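Okay, here's what each chain looks like letter by letter:
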Amino acid sequence: MTHLISCKELVDLVADYMDETISKEARAKFEQHLSECGYCSAYVQQMHMTVKLTSQLSESEGDKPAPDELVDIFRKWKNEQKPD
Ligand SMILES: [Zn+2]
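The written sequence of each chain sets the order in which its residues are numbered from 1. Local features in this predicted model are restricted to residues of pLDDT 70 or higher, and side-chain atom pairs are both shown and tallied only at a pLDDT of 80 or more, whereas totals for entire chains, interfaces and linings draw on every residue. Hydrogens and waters are ignored; side-chain quantities use all the structure's heavy atoms.

Things to note about the overall build of the protein chain
Here is step 1: The number of helices and strands found in the protein chain is four helices and zero strands.
Here is step 2: Shown N-terminal to C-terminal, the secondary structure of the protein chain runs as helices and strands in the order α-α-α-α.
Here is step 3: Taking all 84 residues of the protein chain together, the buried fraction comes to 30%.
Here is step 4: Intrachain contacts of the protein chain at a sequence separation of at least 6 include 69% that bridge at least 24 residues.
Here is step 5: Only the protein chains shown count as cover for residues, and the accessible areas themselves come from Shrake-Rupley with a 1.4 Å probe. If you sum the accessible surface of the protein chain, you get close to 6,100 Å²; carbon and sulfur atoms cover 49% of it. A run of H or I in DSSP becomes a helix once it reaches four residues, and a run of E becomes a strand once it reaches two; helices and strands are each numbered from the N terminus. Accessible area is worked out with a 1.4 Å probe on protein chains only. A residue is then buried under 20% of its type maximum, exposed over 50%, and partly exposed in between. Contact criterion: two residues are considered in contact whenever any of their non-hydrogen atoms come within 4.5 Å of each other.

Points about the nonpolar core
Here is step 1: Definition of nonpolar core: a set of buried residues of the types Ala, Val, Leu, Ile, Met, Phe, Trp, Tyr and Cys, connected through side-chain atoms within 4.5 Å. Core analysis: the biggest nonpolar cluster contains 22 residues, and L10, V14, F30, C40, M47 and F74 have the highest contact counts within it.
Here is step 2: At the level of elements, helix 1 (7-19), helix 2 (24-36), helix 3 (38-57) and helix 4 (67-81) are the ones that each hand at least two residues to this core.
Here is step 3: In this structure M47 touches V14, M18, L70, V71 and F74, once residues within four positions along its chain are discounted.

Some details on the confidence of the model for the protein chain
Here is step 1: Across the protein chain, pLDDT averages 81, with 81% of residues at or above 70.
Here is step 2: Residue-level confidence of the predictor is summarised by pLDDT, bounded by 0 at the bottom and 100 at the top. Per-element confidence in the protein chain is highest for helix 2, whose mean pLDDT is 94, and lowest for helix 4, whose mean pLDDT is 75.

Digging into the coordination of the zinc ion
Here is step 1: For the zinc ion, the protein coordination sphere consists of C7 (SG), H33 (NE2), C37 (SG) and C40 (SG), at 2.0 to 2.4 Å.
Here is step 2: Note that the zinc ion binds four donor atoms; their angles at the metal cover 104 to 114 degrees, and the shape is tetrahedral.
Here is step 3: The sequence pattern describing where the donors of the zinc ion fall on their chain is C-x25-H-x3-C-x2-C.
Here is step 4: What makes H33 buried here is its relative accessible area of 1%. Only nitrogen, oxygen and sulfur atoms within 2.8 Å of the metal, or 3.2 Å for Na, K and Ca, are treated as donors, and water is left out, so sites may look incomplete. Irregular is the default label, applied whenever a site is not tetrahedral (four donors, all angles between 85 and 135 degrees) and neither square planar nor octahedral (four or six donors, opposite donors over 155 degrees apart, all other angles between 65 and 115).

Digging into the pattern of salt bridges
Here is step 1: Think of a salt bridge as a Lys or Arg side-chain nitrogen and an Asp or Glu carboxyl oxygen that are within 4 Å of each other. Counted under the stated rule, the structure contains one salt bridge.
Here is step 2: When the shortest N-O distance is used, the salt bridge between E31 and R27 registers 3.3 Å. Within this pair, E31 and its partner R27 are both found in helix 2, separated by four residues, close to a single helical turn.
Here is step 3: For E31, a relative accessible area of 34% gives the class partly exposed.

Here's what the structure looks like:
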């Protein structure tokens, strides 16, 4: 099965996706990839939960996680899954 975008390209879109600033076209490709890739799908779900939890926890502290930090975590996770 051919992926419209690679896992690496998906990583580049994660921040925009989480921010909901992603374009319709990119979002369609992003979601297409998630439907075909179990690793990315599981991780994006995990990220959603993390963001939700963190935003709930940080309401009192007024501190939100930076999308860059999430992308960094994602990249590290990807490297663990598929070491070069
Ligand atoms: Zn993937």
